[in-house]
Amino acid sequence: MKRTQILSSLLLLPLSAVAQSVPPNVVIILADDLGYGDLGCYGAKNVETPHVDRLAGQGIRFMQAHAVAATSTPSRYSLLTGEYSWRRPDTDIAKGNAKMIINPWQYTLADLFHHAGYRTGAIGKWHLGLGEETGKQDWNAPLPCGLQDIGFDYHYIMAATADRVPCVFIENGFVANYDPEAPIQVSYEKNFPGEPTGKDNPELLYNLKSCKNHGHNHSIVNGIGRIGYMKGGGKALWKDENIADSIAEHAVRFIEENRDRPFFLYLCTNDIHVPRFPHDRFRGKNKMGLRGDAIAQFDWTVGRVMDALQEMGLDDNTLVLLTSDNGPVVNDGYEDRAEELLNGHSPAGPLRGNKYSAFEGGTRVPLIVRWPRGVKGGKDSQTLVSQIDFLASFGEMLGAKLPKGSAFDSQPHFGNLLGNEQNARPYVVEQSLSHVLSVRTPEWKYIEPSDGGAFMQLEKVETGNAPAPQLYDMRSDSGERENLAEKHPQVVYELQSILRRERNKRK
Ligand code: NG6
Ligand code: CA
């Protein structure tokens, strides 16, 4: 779409945005495993997050925002496609050699902006698969089937997570800094002959040790054990301590290169996922050790991007949205002493449960929206919002008509993102690691019954699984302590019906 078309489509914008003459740039900053209680502006005491706090002070701080799922891949799938991950069987935590999970013909948030004339970029953690066939990628050649097929004009990404191979960045479908002397091989089935592993060579884990009985003990890269096996990489291998810098610098470069036209940047940090191994300059400044240092590094990334926007005179008309892919986890498999050093910090704030969980701590996440030209900042919103609605909401902002059948579960609530309390969605659906679904309304939370275990031993996470239906009054019981299902069978029935209807919806 040409700029003139964009301008005419602005006539369809909600009132608060009609004042604009130029559509805003949009930057989504998606943190990894950052909890509802992990930021100063959400009550964290043991770590300082001045840049994020400033963003919240100038924007809107959402108190009832939800990721769709309590783990990364399904959460990100839903955010980008506007379709609930549980409608598809293959959206669980992806390996680093998973094939592309979003189909090239699916409509995505990136397509929306691309078609509206924006330059679109994805930088940082991807975790939604690459290539045509799982395990069959040739990492030494341009990868067929990638982000270029789903609306992104530019990408500089990690295929999966920092704790999974391949430990290289991929820029526009090809390994960045590719080292022809060290061809790359990847397997999630067996090791390559002669290559050390964390399991057999723990003495080589000089940067971070893996927890016993938790995995992360396959290939060793940069003195850290990973999930999966890889060989080669040479100069292209990342150094964990530089990942945040690489991501921030590529983000700033993307902004700089596109300063004269509208852009959409999907900026996904590696922080604060494991292995937590931040740069030296963030270390030792808070009481919480590496997990706190990773939060400080995340905050620095936000500051770096905001400074760049300001220096380029873009921050007034850039809508920055900061959120997290799922709730927090303390011990996720490395000996980083995160648990011992919490010092009273509660990563999920007052919420029960953590990453992986059906309780609120699994999916209720920080959300901050700042857009000086379109949003009067400095306030909180108690409106129930879900990342599932980002696609349709930005479609509403752009006055775009979404293709039929696309973004199946996404509803336009752009006004809510601007702090307007009216027309909120009546409920959100949440998905736990074990695919247990919950329904959250402003008043209630219903968790469907399941037979999975109630506790993840190593992670020390309450899963929220229980054989009986659970109902919590969220107005008074944010810790989800008192199960009221037997007291309010009618409410249970209503929420079960919502879930049944959602499950039965067919495209
Ligand atoms: C789990 C890993 C965990 C983390 C998670 C993905 C084990 C035992 N646990 O399987 O460490 O990598 O996957 O996190 O290997 S997420 O935020 O990307 O979903
Ligand atoms: Ca995550």
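Structure report, in brief. (Residues numbered from 1 in each chain as written. Chains lettered and ligands numbered in written order. Predicted model: local features only at pLDDT ≥ 70, side-chain atom pairs only at ≥ 80, totals over all residues. Heavy atoms only, no water.)

### Comments concerning the site of ligand 1
In the vicinity of ligand 1 there are 18 residues, among which Ser-72, Lys-125, Asp-163, Arg-164 and Lys-355 approach most closely. In this structure, Ser-72 approaches ligand 1 through a main-chain N or O atom, which is 2.8 Å from an oxygen atom. Contacts to ligand 1 include Asp-163, whose side-chain N or O atom sits 2.6 Å from an oxygen atom. Protein burial of ligand 1: of its 450 Å² of free accessible surface, 84% is covered by the chains. Along the lines of polarity and charge, the residues of the shell around ligand 1 split into three nonpolar, eight polar and seven charged. (Near = heavy atom within 4 Å. Polar contact = N/O pair within 3.5 Å; in protein donor to acceptor, adjacent residues only side chain to side chain. Areas by Shrake-Rupley, 256 points an atom, 1.4 Å probe, with all protein chains shown as cover. Nonpolar A, V, L, I, M, F, W, Y, C, P; charged D, E, K, R; others polar.)

### Focus on the coordination of the calcium ion (ligand 2)
For a metal bound by four donors in a tetrahedral arrangement, the ideal donor-metal-donor angle is 109.5 degrees, while six donors in an octahedral arrangement ideally sit at 90 or 180 degrees. At 2.2 to 2.7 Å from the calcium ion (ligand 2) lie its protein donor atoms, namely Asp-32 (OD), Asp-33 (OD), Asp-325 (OD), Asp-325 (OD) and Asn-326 (OD1). Because the angles between the six donor atoms bound to the calcium ion (ligand 2) fall within 51 to 174°, the donor set is best described as irregular. Each donor residue of the calcium ion (ligand 2) lies on one chain, and together they are spaced D-D-x291-D-N. Residue Asp-32 is found in the loop between strand 1 (25-31) and helix 3 (50-58), and its partner Asp-325 is found in the loop between strand 13 (318-324) and helix 8 (360-363); the two are separated by 293 residues along the sequence. For the pair formed by Asp-32 and Asp-325, the shared burial category is buried. (Donors = N, O, S within 2.8 Å, 3.2 Å for Na, K, Ca; no water. Tetrahedral: all angles 85-135°; square planar, octahedral: opposite > 155°, others 65-115°. Helix = DSSP H or I, 4+ residues; strand = E, 2+ residues; numbered from the N terminus. Buried < 20%, exposed > 50% of the residue type's maximum accessible area, 1.4 Å probe, protein only.)

### Details of the side chain of Asp-179
You can see Asp-179 is positioned in the loop between strand 7 (174-175) and strand 8 (185-187). Summary of buried charges: Asp-179 has no salt-bridge partner, and the nearest side chain of opposite charge, Lys-235, is 4.7 Å away. Of note is the side chain of Asp-179, whose polar atom sits 2.9 Å from the backbone nitrogen of Glu-181. Apart from the residues within four sequence positions on either side, Asp-179 is in contact with Gly-233, Gly-234, Lys-235 and Ala-236. (Lys, Arg positive; Asp, Glu negative; His and termini not counted. Salt bridge = Lys/Arg side-chain N within 4 Å of Asp/Glu carboxyl O. Contact = heavy atoms within 4.5 Å.)

### A word on the sheet that holds strand 22 (residues 470-473)
Strand order in the open sheet formed by four strands is 17-18-19-22, and the pairing between neighbours is antiparallel. Two strands bound the open sheet, and with one partner strand each, they are strand 17 (428-431) and strand 22. Across this sheet, the average inter-strand angle for adjacent strands is 20°, counted without regard to direction. One ladder, built from four bridges, connects strand 17 with strand 18 (residues 437-440); its direction is antiparallel. Across the sheet, the residue bridging to Val-428 is Arg-440, located in strand 18. Sitting on the sheet, helix 11 (residues 489-504) touches strand 17, strand 18, strand 19 (444-447) and strand 22, and the angle it makes with strand 19 is about 65°. (Pairing = 2+ DSSP bridges. Axes fitted to C-alpha atoms, helices over the stretch in contact; angles between N-to-C directions.)

### Observations concerning the sheet that holds strand 13
Spatial ordering of the open sheet is given by 7-6-5-4-12-1-13-14-2-15, a layout of 10 strands whose pairing is mixed. At either end of the open sheet lies a strand with only one pairing partner, and these are strand 7 and strand 15 (379-381). In this fold helix 6 (residues 243-257) packs onto strand 4 (119-125), strand 5 (154-158), strand 6 (169-171) and strand 12 (263-268), with an angle of close to 175° to the strand it touches most, strand 12.

### Remarks on the nonpolar core
In this structure, Leu-109, Trp-126, Phe-152, Tyr-266 and Phe-394 are the most contacted members of the largest nonpolar core, which totals 114 residues. When residues in this core are grouped by element, the largest group, eight residues, is from helix 7 (residues 289-311). When neighbours within four sequence positions are excluded, Trp-126 is seen to be in contact with Arg-76, Leu-80, Leu-147, Ile-150, Phe-152, Ile-157, Met-158, Ala-159, Ala-160 and Tyr-266. Within the second largest apolar cluster, 18 residues are counted, among which are Tyr-84, Val-429, Trp-444 and Val-491. (Core = buried A, V, L, I, M, F, W, Y, C linked by side-chain atoms within 4.5 Å.)

### Details of the packing of aromatic side chains
Overall, the coordinates contain 16 aromatic pairs when judged by the stated rule. Taking the centre distance of 6.1 Å and the plane angle of 25° together, the rings of Tyr-154 and Phe-254 count as stacked. Taken together, the residues Tyr-154 in strand 5 and Phe-254 in helix 6 connect sequence positions 100 residues apart. Between the aromatic rings of Trp-371 and Phe-414, the centroid separation amounts to 6.4 Å while the plane-to-plane angle is 50°, which identifies the pairing as tilted. (Phe/Tyr/Trp six-rings, centres within 6.5 Å; stacked < 30°, edge-to-face > 60°.)

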